[in-house]
Amino acid sequence: GALKGRFWPDLWAGAGNTAARAAVEQARAGSVARFKGAANTAKGNPKYWDVQVSPIFGADGKPAHILAISRDVTIEMRAETELAEAHERQKFLTEELQHRIKNTLAMVSAIANQTMRGDDIEAARKAFTARMITLAHAHDILIRTSWVSAPIKDVIEGALAPHQTGHHRFEV
């Protein structure tokens, strides 16, 4: 009842109203028009529609009536939006992972440069291996906490572990 007698484009708001008016004009001119837009149902429920507006030609070959067919595509639009949001989250996480990997490689390079000083390569190899194990332990701590945070005491104790001689050389 509330819709009877109303000009169809007036049921659309904003850009949808503009698109609906343009579609009606195209149909009056004899062409088929199509657009997508948001509009409420007669009960006031928000929906997203795929609309095709077509002329119905009279005996004289001119548009006599206009047929508008609206298909509810709310679920599809919601899925597209969720997919786009998931893609953005995935992009953010990938960039964050790349950043962390670069930091890790810089750390490995620094460990190697610091370790490979001097003439005794066997001692340097052992020191490098111990430092790489320490880095691996730090990564394990971060992985257990989903890379969000880690107790600093655990990180420090992990970093000092290769240097502990069993005599409580360090106290955290």
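Provided above is the structure to which this section pertains.
For the structure given in this document, a descriptive report is provided here. Please read these numbers as outputs of a predicted model, since none were measured by experiment.

### Quick word on the overall build of the protein
Thought 1: Of the regular secondary structure elements, the protein holds 4 helices and 3 strands.
Thought 2: What you see in the protein, going N to C, is helices and strands ordered as α-β-β-β-α-α-α.
Thought 3: Its C-alpha atoms give the protein a radius of gyration of 34 Å, clearly above 16 Å, the size a compact globule of 172 residues would have.
Thought 4: For the protein, the spread of C-alpha atoms along the principal axes amounts to about 100 × 35 × 20 Å.
Thought 5: Taking all 172 residues of the protein together, 17% fall into the buried category.
Thought 6: Taking the contacts inside the protein whose residues are at least 6 apart along the sequence as the reference set, 30% of them involve residues at least 24 apart.
Thought 7: When the accessible area of the protein is evaluated, it comes to approximately 12,600 Å², of which 58% is carbon and sulfur surface.
Thought 8: For the protein, the centre of its 22 positive side-chain charges and the centre of its 19 negative side-chain charges are spaced 6 Å apart.

### Structural notes on a nonpolar patch on the surface
Thought 1: Residues Ile56, Leu67 and Ile69 make up a contiguous nonpolar surface patch of about 250 Å² in total accessible area.
Thought 2: Taking the relative accessible area as the measure of exposure, Ile69 reaches 49% and is therefore partly exposed.

### Here we look at the pairing of strand 3 (residues 63–72)
Thought 1: Here 9 bridges tie strand 2 (residues 46–57) to strand 3, and the two strands are oriented antiparallel to one another. Following the sheet pairing, Pro55 is matched in strand 3 by Ile66.
Thought 2: In this antiparallel pair of consecutive strands, strand 2 and strand 3, the connection spans 5 residues, and Gly61 shows a positive phi of 85°.

### Let's talk about the pattern of salt bridges
Thought 1: In total, this model carries 7 salt bridges according to the counting rule given.
Thought 2: For Asp50, the salt bridge goes to Arg34, with nearest N and O atoms at 2.8 Å. Linking Asp50 in strand 2 with Arg34 in strand 1 (residues 33–40), this pair joins segments that are 16 residues apart in sequence.
Thought 3: By relative accessible area, which is 7% here, Asp50 ends up buried.
Thought 4: Residue Arg71 pairs with Glu76 through a salt bridge whose shortest N-O separation is 3.8 Å.

### Structural notes on the sheet that holds strand 1
Thought 1: One open sheet accounts for 3 strands, arranged 1-2-3; its pairing is antiparallel. Strands at the two margins of the open sheet, each flanked by one partner only, are strand 1 and strand 3. Taking the axes of each pair of neighbouring strands and ignoring which way they run, one obtains an average angle of 30° across the sheet.
Thought 2: Each of strand 1, strand 2 and strand 3 touches helix 1 (residues 14–28); the most contacted strand, strand 1, lies at about 145° to it.

About the criteria used
- Residues numbered from 1 in each chain as written.
- Predicted model: local features only at pLDDT ≥ 70, side-chain atom pairs only at ≥ 80, totals over all residues.
- Heavy atoms only, no water.
- Helix = DSSP H or I, 4+ residues; strand = E, 2+ residues; numbered from the N terminus.
- Rg over C-alpha atoms; globule rule 2.2 N^0.38 Å.
- Buried < 20%, exposed > 50% of the residue type's maximum accessible area, 1.4 Å probe, protein only.
- Contact = heavy atoms within 4.5 Å.
- Areas by Shrake-Rupley, 256 points an atom, 1.4 Å probe, with all protein chains shown as cover.
- Lys, Arg positive; Asp, Glu negative; His and termini not counted.
- Charge placed at Lys NZ, Arg CZ, Asp CG, Glu CD.
- Patch = residues over 30% accessible without salt bridge, like charges linked within 9 Å, V, L, I, M, F, W, Y side chains within 5 Å.
- Salt bridge = Lys/Arg side-chain N within 4 Å of Asp/Glu carboxyl O.
- Pairing = 2+ DSSP bridges.
- Axes fitted to C-alpha atoms, helices over the stretch in contact; angles between N-to-C directions.

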